[in-house]
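A look at the structure
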Amino acid sequence: MQAFYTDHFELPLPEGHRFPMSKYRLLRERIASSAADGSIELRVPDPVEPDELCLAHDATYVAKVFKGTLDAVEQRRIGFPWSPEMVERSRRSVGATIAAARCALTDGAAVNLAGGTHHSGPARGQGYCVFNDVAVAAHVLLAERRIARAAVIDCDVHQGNGTAEFFADDPRVFTFSIHGAKNFPARKHPGDLDVALESGTGDLAYLESLDGALQQVFASGPFDLVFYVSGADPFAGDTLGYLSLSKLGLKHRDELVFSMCQSWGVPVAVSMAGGYAASVDDIVDIHEETVRQAARIARRSSGVKS
């Protein structure tokens, strides 16, 4: 399986910033050290080009990001200070999801070891999200006619408001989000299917809700590709999550998503999305399990074609 990494394109952050940037490097190192059998090939993606970004995003917003002319409110909404490194990393992260999506169509599954920037909307960034990697990747593959219809399965604990906004009037992409009802963002943009869970929801109730929702998602197909925005932040130890899933529960979540994709014969491109546990090792553990399950799907699904 192909896994695309961008952690060496570092985003400089102020001392004490709450975003756990180190998780990307630690995840890539963990995968590299334990995949000596060649089951996972680590690759560096090309950066997304401005014209590709503009297939989804407003051209004025894209130009502001590239030129560094975002105003103070726009930068505060994103949560990162502007820098040339921020632009390059954001381009690479989107490029990684585009590359993973293309590979998934051939290999059955592929992974971006970052991404999942689902709060970014057509003309804005938000919540540590500069560009929306899934929205751009979907538009690129649609424009290339590699796919005719896709689904987004978003299991990050925060609602994928930006992704829902992109595709609110576009039947080519079905958006599903399962998230905390009383969590960020305060204003949620409705997708095609939203499941809002009460704070403290644990493994059993979560998995039952997810199972029923996935049945609805795939009944709304057929789809040529699934974008899986996994997220480590439904974890009970997450400081911004407010749900109570165990690591085993999150493993079962991934199994449910991947098995459903496989049973319907739909390739899957995975993005990591959020994770804010007090221990970065917990975040990496959860993301690593998602990557390993995707690799198993790729092995079993070899021969899936676009």
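The preceding data block contains the structure.
Let me sum up the structure you'll find in this document. (Residues numbered from 1 in each chain as written. Predicted model: local features only at pLDDT ≥ 70, side-chain atom pairs only at ≥ 80, totals over all residues. Heavy atoms only, no water.)

**Things to note about the pattern of salt bridges**
Under the convention used in this document: Each reported salt bridge corresponds to a side-chain nitrogen of Lys or Arg within 4 Å of a carboxyl oxygen of Asp or Glu.
By the definition in use, this model includes 18 salt bridges. Salt bridges here are not isolated pairs; linked through shared partners, they connect Arg30, Lys247, Asp282, Asp285, Glu288 and Arg292.

**Observations concerning the packing of helix 8 (residues 203-219) against helix 9 (residues 247-263)**
Where we set the bar: To get an axis, a line is fitted to the C-alpha atoms, and for a helix only the part in contact is used. The angle between two axes follows their N-to-C directions and goes from 0 to 180 degrees. The helix and strand labels rest on DSSP assignments: H or I over at least four residues marks a helix, E over at least two residues marks a strand, and numbering proceeds from the N terminus. Should an angle fall under 35 degrees it is taken as roughly parallel, and over 145 as roughly antiparallel, whereas 65 to 115 is taken as roughly perpendicular and any remaining angle as oblique. By definition, turning the near helix anticlockwise from the far helix through less than a right angle yields a left-handed crossing, and turning it clockwise yields a right-handed one. In what follows, residue pairs with any heavy atoms lying within 4.5 Å of each other are defined as contacts. Three classes are used, and their members are as follows: Ala, Val, Leu, Ile, Met, Phe, Trp, Tyr, Cys and Pro are nonpolar, Asp, Glu, Lys and Arg are charged, and the others, Gly among them, are polar.
Interaxial distance between helix 8 and helix 9 falls to 10 Å at its minimum, and their mutual angle equals 15 degrees. The pairing of helix 8 with helix 9 is recorded here as roughly parallel in orientation. For helix 8 against helix 9, the interelement crossing comes out right-handed. Residues Asp203, Tyr206, Leu207, Leu210, Asp211, Leu214, Gln215 and Phe218 of helix 8 form the contact with helix 9, whose own contacting residues are Gly249, His252, Arg253, Leu256, Val257, Met260 and Cys261. Looking at the contact of helix 8 with helix 9, its residues break down into 9 nonpolar, 3 polar and 3 charged.

**Overview of the pairing of strand 8 (residues 268-271)**
Heads up, the rule is: For the exposure calls, accessible area comes from a 1.4 Å probe over protein chains only, and a residue counts as buried if that area is under 20% of its type's maximum, exposed if over 50%, partly exposed in between. For two strands to be treated as a pair, DSSP must find at least two bridges joining them. By convention, a crossover is right-handed whenever its connection, traced from the first strand over the helix to the second and viewed with the strands pointing away, goes clockwise.
Side chains Val268 and Val270 of strand 8 all project onto a buried face; the interleaved residues Ala269 and Ser271 project onto the opposite face, where all are buried too. Looking at chain direction, strand 3 (residues 109-112) and strand 8 are connected through 4 bridges and run parallel. Paired with Val111 across the bridge in strand 8 is Val270. Where strand 7 (residues 225-229) and strand 8 come together, 4 bridges link them in parallel fashion. Among the inter-strand pairings, Val229 is bridged to a residue of strand 8, identified as Ser271. You can see the chain leave strand 7, run along helix 9 and come back into strand 8, and the turn it takes is right-handed.

**Some details on unusual backbone geometry**
In this structure, the amide linkage connecting Phe184 to the following residue, Pro185, adopts the cis form with an omega of -5 degrees. Geometrically, the link from Gly221 to Pro222 is a cis peptide bond, its omega value of 10 degrees lying close to zero. The residue Pro222 is located in the loop between helix 8 and strand 7 in this model.

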